[in-house]
Amino acid sequence: MAGLSGSGNEGSRSQLLGAVGVVLLSLVTVYLPSAPQQAIAHVVRQSVLRPFTELHAFLAGMRARARDFEILRAQMDSAMGFVAAHATLAEENRQLREILLLGERPSVRYLPTAIMRAGTSGTGSVFRVAAGTGQGVGPFHAVVTDLGLLGQVQQVQRDYALAIDWSHPEFRVSAMTSDGQNHGIIEPVRGRFREQDRLVLSGVDFLAELEPGTEVLTSGRGGAFPRGVRIGWVAGVAETLAGWSRSYYITPSVYPGAVTYAAITLPVAADSVDSVTPEAPADPAAQGPP
């Protein structure tokens, strides 16, 4: 009996020491710089948590495919109708650019991917996409849906990437109105509940009064986001700095919690520059009198 009691005490002591060790390791990890934290998190995800993350990704993919089949079919039908109605638009655009001596616009390739969320506390604005460096995904690439802008890639690994949606505190995007006349910076504003999160367009010229319902798009400045992706619509004035600028609340076009499929924008190198300068005659005198 004494032997059993001693063995039980040793087991309890080992469990206690193990628990204390885990707590100390957690405290040390919390105060590490960002880069070592990310490295440790990657090692944990690829070792201890890998079976769970892969199972979660598989189940999430199955549920998404079963739930979204009809939605994807309807979207495909709509896309076919759009292409049929605008069959000549590309040719007209090409001819106009030739007349104006403009080169081809930089093209963007869209990589479809499934959206997976951890569902744990503190990760509400972070999601995982099933594509990484092996598919050409890099940091700061935009994540979009057919409705508009969802977020931006942050950390990339070989076969997956972590991204943030527009409700993340660090999210920023350069924006403009659909007519290209007014520009500003979009940033998120947290609501009392996550369903009340919204966006604010700041830095708009004081003399510009945007009407509610005005469409807001990405401006393409900075190169992280392609130009012309819908962000949302003006809802009303948020703040006015007398004589300087105005800020507007923006109703987002995409609500992150409803998204299960999206696409990552991958830039494609253009074969020509944005503009073409006409060649000057070899002999200036051949131009004749001014």
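The structure presented is a predicted model; accordingly, all values stated were derived computationally and were not measured.

J.: Looking at this structure, I do not really get the overall build of the chain. What am I missing?
T.: Secondary structure assignment for the chain yields 4 helices and 12 strands. Across the 290 residues of the chain, 29% fall into the buried class. Pairs at least 24 residues apart make up 57% of the contacts formed inside the chain by residues separated by at least 6 positions. Accessible area for the chain stands at about 18,800 Å²; split by element, carbon and sulfur atoms hold 61% of it.

J.: Explanation requested: the nonpolar core in the structure shown.
T.: For soluble globular proteins, nonpolar side chains are generally found buried alongside one another. Ranked by internal contacts, the top residues of the largest apolar core, which has 22 residues, are Leu149, Ile186, Leu201, Val216 and Ile231. Those elements giving two or more residues to this core turn out to be β3 (142-144), β6 (173-177), β8 (198-205), β10 (230-241) and β11 (245-252). If one sorts the elements of this core by residue count, β8 sits on top with 3 residues. Membership of the second largest hydrophobic core comes to 17 residues, among which are Phe127, Val129, Val137 and Ile264.

J.: Just checking my understanding: could you explain the environment of valine 108 for this structure?
T.: With respect to the helices, strands and loops of the structure, valine 108 is situated in strand β1 (residues 107-116). Under the relative-accessibility criterion, valine 108 is labelled partly exposed at 32%. With 157 residues separating them in the primary sequence, valine 108 and threonine 265 have C-alpha atoms 6.3 Å apart. Non-local contacts of valine 108, meaning those with residues more than four positions away in its chain, are made with Pro226, Thr265, Leu266 and Val268.

J.: What should I look at first to understand the side chain of threonine 145 in this one?
T.: Mapped onto the elements of the fold, threonine 145 is located in the loop between β3 and β4 (149-156). At 3.1 Å, the side chain of threonine 145 forms a polar contact with the backbone nitrogen of leucine 147. In this structure threonine 145 touches Leu150, Val254, Val259, Tyr261 and Ala262, once residues within four positions along its chain are discounted.

J.: Is there a simple way to think about the packing of aromatic side chains in this case?
T.: Two aromatic rings are characterised by how far apart their centres lie and by the angle between their planes. All told, the structure shown has 1 aromatic pair when counted by the stated rule. Seen from their ring centres, phenylalanine 171 and phenylalanine 225 are 5.9 Å apart, and the 75 degrees between their planes marks the pair as edge-to-face. One end of the pair, phenylalanine 171, is in the loop between β5 (161-165) and β6; the other, phenylalanine 225, is in the loop between β9 (215-218) and β10, and 54 residues separate them in sequence. Accessibility assignment for this pair places phenylalanine 171 and phenylalanine 225 in one class, buried. When the ring centre of tyrosine 160 is taken as origin, the NZ or CZ atom of arginine 128, which lies over that ring, is 4.2 Å away. Across the ring face of phenylalanine 206, the terminal group of arginine 246 is positioned such that the distance to the ring centre comes to 4.6 Å.

J.: What am I meant to see in the pairing of strand β12 (residues 261-268) here?
T.: Walk down a regular strand and you will see the side chains alternate between the two sheet faces. Across 8 bridges, the pairing between β1 and β12 is antiparallel. Within β12, the residue paired with valine 108 across the bridge is proline 267. Taken together, the 2 bridges between β3 and β12 define a ladder with antiparallel strand orientation. Across the sheet, valine 143 pairs through a bridge with isoleucine 264, a residue of β12.

J.: It is not clear to me how the sheet that holds β6 should be interpreted in this structure. Could you clarify?
T.: To summarise the sheet geometry, strands pair through backbone hydrogen bonds and adopt either a parallel or an antiparallel arrangement. The sheet built from 6 strands closes into a barrel, its strands ordered β6-β7-β8-β11-β10-β9 with antiparallel pairing. The sheet shows a mean angle of 45 degrees between the axes of neighbouring strands, direction not considered. The sheet contact formed by strand β7 (residues 183-189) and β8 spans 5 bridges and is antiparallel. Bridging across to β8, isoleucine 185 finds its partner in serine 202.

J.: Where do I start with the pattern of salt bridges in this structure?
T.: Where charged atoms of side chains with opposite charge meet at close range, the side chains can pair. Summed over all chains, the structure comprises 4 salt bridges. Note that arginine 172 and glutamate 187 form a salt bridge whose closest N and O atoms lie 3.4 Å from each other. Pair noted here: arginine 172 is in the loop between β5 and β6 and glutamate 187 is in strand β7, with a separation of 15 residues, a long-range link. Measuring nitrogen to oxygen at the nearest pair gives 3.6 Å for the salt bridge that ties glutamate 209 to arginine 246. Residue glutamate 209 is located in the loop between β8 and β9, and its partner arginine 246 is located in strand β11; the two are separated by 37 residues in the primary sequence. When its relative accessible area of 59% is taken as the criterion, glutamate 209 is described as exposed.

Conventions adopted
Residues numbered from 1 in each chain as written. Predicted model: local features only at pLDDT ≥ 70, side-chain atom pairs only at ≥ 80, totals over all residues. Heavy atoms only, no water. Helix = DSSP H or I, 4+ residues; strand = E, 2+ residues; numbered from the N terminus. Buried < 20%, exposed > 50% of the residue type's maximum accessible area, 1.4 Å probe, protein only. Contact = heavy atoms within 4.5 Å. Areas by Shrake-Rupley, 256 points an atom, 1.4 Å probe, with all protein chains shown as cover. Core = buried A, V, L, I, M, F, W, Y, C linked by side-chain atoms within 4.5 Å. Polar contact = N/O pair within 3.5 Å; in protein donor to acceptor, adjacent residues only side chain to side chain. Phe/Tyr/Trp six-rings, centres within 6.5 Å; stacked < 30°, edge-to-face > 60°. Lys NZ or Arg CZ within 6 Å of the ring centre and 35° of its normal. Pairing = 2+ DSSP bridges. Axes fitted to C-alpha atoms, helices over the stretch in contact; angles between N-to-C directions. Salt bridge = Lys/Arg side-chain N within 4 Å of Asp/Glu carboxyl O.

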